[in-house]
Amino acid sequence: MRHATLFLGLACIGLVVILALFGVLWTPFDPTAISDDLLLPPGWPHVLGTDGFGADVLSRIMSGARICLLVGVLSVTGAAVVGVPLGVSAGMTRGWVSELPLRLSDILYGFPALLLAILFAAALGGSTWTAMMAISLATIPAFVRIARAATLQVMSQGYIEAARLSGTPTATIAARHVLPNIAPVLGVQASVSFGIAILAEAGLSYLGLGSGPDQPTWGRMLREAQDYLFSEPLLALWPGLAIAVATLGFNLLGDGLRDLLDPRLREVT
Amino acid sequence: MAVLGRIGARAAWLAASLLVASLLIFAATNALPGDIAQILLGTNAAPGEAAALREQLGLNRPFLERYLEWVGGALRFDFGTSFLGSRAAVAPLVAARLEVTVSLVVLGMLFAVLFALPVGAYAAVRRRHLDGAVASALSQVGLAIPAFWAGIWLVIVFAIRMRWLPAGGYVSFWDSPGEWAQHLVLPVASLALVQASVISRYVRSAVIDVTHEDYFRTARAVGWSRSGALWRHGLRNVGISLLTVIGLQLATLLVGAIIIEQVFALNGLGSTLLQAVAKRDLNVVQAIVLLLVWSVLLINFLVDVAYQLVDPRVRRRAEAA
């Protein structure tokens, strides 16, 4: 019961991961195939029914899980790779040079992923990649801030002082003492950012700014379902449910991890 | 006096951020690869035509010169002309759509706060009971729901099934306040429900923080009731954390409003923006994105200033430093 949040989160994520991994090997039908079986209700062989083009909804959900996880993993990893070194160096050094990345990330904070994606789509045309780039850029500030705050806390510890006095180079201190100690906080942030990234991707593909028509995404499915709200409201249920379960999973995982690390890290996060 | 000095420093920083943000926006649309003149003309245009269009749109002048002209115009609310059709001026086009988006964002935030305050406080006070736990679990679920999905289901239930409210469209407040309100109920509800989940979590932790404070325990010890002590001491604390969360959530709400416009076929900044993106009408895209980002930065500045004025602890800490 103590770690219920954590386990519930992992269960939700597990479900999405299984859907995605399974979907790589096998889907009941071709997720992009157009057939004459339009708008079939849930049943057999189309477990969740078919959409307005006659494509199998379950297959499309499975295929969408893959894109959702792909965009999440790549954009959060990208943001961490850029943001964490900036945040750690800002936390370890003094002066305006270390302030600069912090200030820039404050400005970037005013740019939600959607607006960045719109700018990229206007200049380059929308695609999975522009969406991912936009989400990743928009996630950087969170990592800079959290990495800096956590680093500041670690820097006040005695072992850092000891390492400094014994002449350990700054880069070694960062790699050997700072990073391992702030890793848990970063893990929590990664999980939370992942949830935000899933919502952002869903919004972007709903607006048609993400993946192309050949890649079924949950957001795009919702957009298509809107044409049939009168007759087939269930089509608007499954993709949204998938988005909610995936996001809930990562949010709960983040909360669960934070509880696990509590109370030492409460002030930081 | 020290407060004034810090506000001055914050204002200087605001000016710098507005400038950097505008540069980022201009660079994103102008420095990325892709020849906009060629795209506007389509693939079967003669090479000469593209060159002529570039000349006409002024795209072949140096980057910095074009940027300075653009940002100078923006400060006077002049965003140049559209790349398409009759080359209409961008600013009036944007101003005409402002009402929809502002209504959505302001009402969305207002109702989110009104809803989140009691729910968050309840979840905090009753956190060791089942009903309090259910309240925070619900906010966790609300956090995971995209506002546009909530909107789609509000349409299905209240517009299609029950026929209580219109499924979409917008009527200006100045034409008919009643119709305006009717058309905004569902879009505002979908934004506010999701926002309220986020805000109620901040309210909850702010209230829990208060109950751990010495002054709260003292108030209880000298005979204040729990709700009385919360009213007396908690409100100010919650107010401060509300300020913070409103600043943080504003950008999210703006984005939510852009998407919600699509669900309810509202003709606001969002749909104008998306139409412009589809047609590659860069001047319109830049203008609207700049307007949105600048308003986020500006409101965050105002929140910071309010923070300085409201919270004596921030004031004193800064004065001691």
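What you see is a predicted model; the values in this text were computed from it and never measured.

Cut-offs used in this document
- Residues numbered from 1 in each chain as written.
- Chains lettered and ligands numbered in written order.
- Predicted model: local features only at pLDDT ≥ 70, side-chain atom pairs only at ≥ 80, totals over all residues.
- Helix = DSSP H or I, 4+ residues; strand = E, 2+ residues; numbered from the N terminus.
- Buried ≥ 20, exposed ≤ 12 C-beta atoms within 10 Å, placed from the backbone.
- Contact = placed C-beta atoms within 7 Å.
- Core = buried A, V, L, I, M, F, W, Y, C linked by C-beta atoms within 7 Å.
- Axes fitted to C-alpha atoms, helices over the stretch in contact; angles between N-to-C directions.
- Left-handed = near helix turned anticlockwise from the far one by under 90°.
- Nonpolar A, V, L, I, M, F, W, Y, C, P; charged D, E, K, R; others polar.
- pLDDT = per-residue confidence, 0-100.

### Digging into the overall build of chain B
Item 1. Helices and strands together make up the secondary structure of chain B, namely 13 helices and zero strands.
Item 2. Walking chain B from its N terminus toward its C terminus, one meets helices and strands in the order α-α-α-α-α-α-α-α-α-α-α-α-α.
Item 3. Once the C-alpha set of chain B is aligned to its principal axes, its extents read approximately 85 × 60 × 35 Å.
Item 4. The proportion of buried residues among the 321 residues of chain B is 37%.
Item 5. Taking the intrachain contacts of chain B between residues at least 6 apart in sequence as the baseline, contacts between residues at least 24 apart amount to 71%.

### Structural notes on the nonpolar core
Item 1. Counting residues in hydrophobic clusters, the biggest one holds 168 residues, and the most contacted among them are Ala117 and Ile118 of chain A.
Item 2. The contact partners of Ala117 of chain A, leaving out residues within four places of it in the chain, are Thr130, Ala131, Ala134, Leu204 and Leu209 of chain A.

### Some details on the packing of helix 2 (residues 57–92) of chain A against helix 7 (residues 170–206) of chain A
All names here are of chain A.
Item 1. Following both chains from N to C, one finds helix 2 and helix 7 inclined at 145°, their axes separated by 8 Å at the closest point. For the element pair helix 2 and helix 7, the recorded crossing hand is right-handed. On helix 7, the residues touching Cys68, Val71, Gly72, Ser75, Val76, Ala79, Ala80, Val84, Val88 and Met92 of helix 2 are Thr170, Ala174, Val178, Leu186, Ala190, Ser193, Phe194, Ala197, Ile198 and Glu201.
Item 2. Looking at the contact of helix 2 with helix 7 residue by residue, the classes come out as 15 nonpolar, four polar and one charged.

### Section: the confidence of the model for chain B
Detail in the predicted coordinates should be disregarded across regions flagged by low pLDDT.
All names here are of chain B.
Item 1. In the predicted model, chain B carries a mean pLDDT of 86, and the fraction of residues at 70 or more is 94%.
Item 2. Across chain B, helix 7 (residues 147–161) holds the top mean pLDDT of 94, while helix 13 (residues 312–320) sits lowest at 60.
Item 3. Complex prediction metrics read pTM 0.89 and ipTM 0.89.

### Quick notes on the packing of helix 11 (residues 269–278) of chain B against helix 12 (residues 282–310) of chain B
All names here are of chain B.
Item 1. In the contact formed by helix 11 and helix 12, the axes pass within 8 Å of each other and the chain directions differ by 145°. As helix 11 packs across helix 12, the resulting crossing turns out to be left-handed. When helix 11 is examined against helix 12, the residues Leu269, Thr272, Leu273, Ala276 and Val277 are found in contact with a partner set consisting of Val284, Val285 and Ile288.
Item 2. Looking at side-chain class alone, the contact of helix 11 with helix 12 contains seven nonpolar, one polar and no charged residues.

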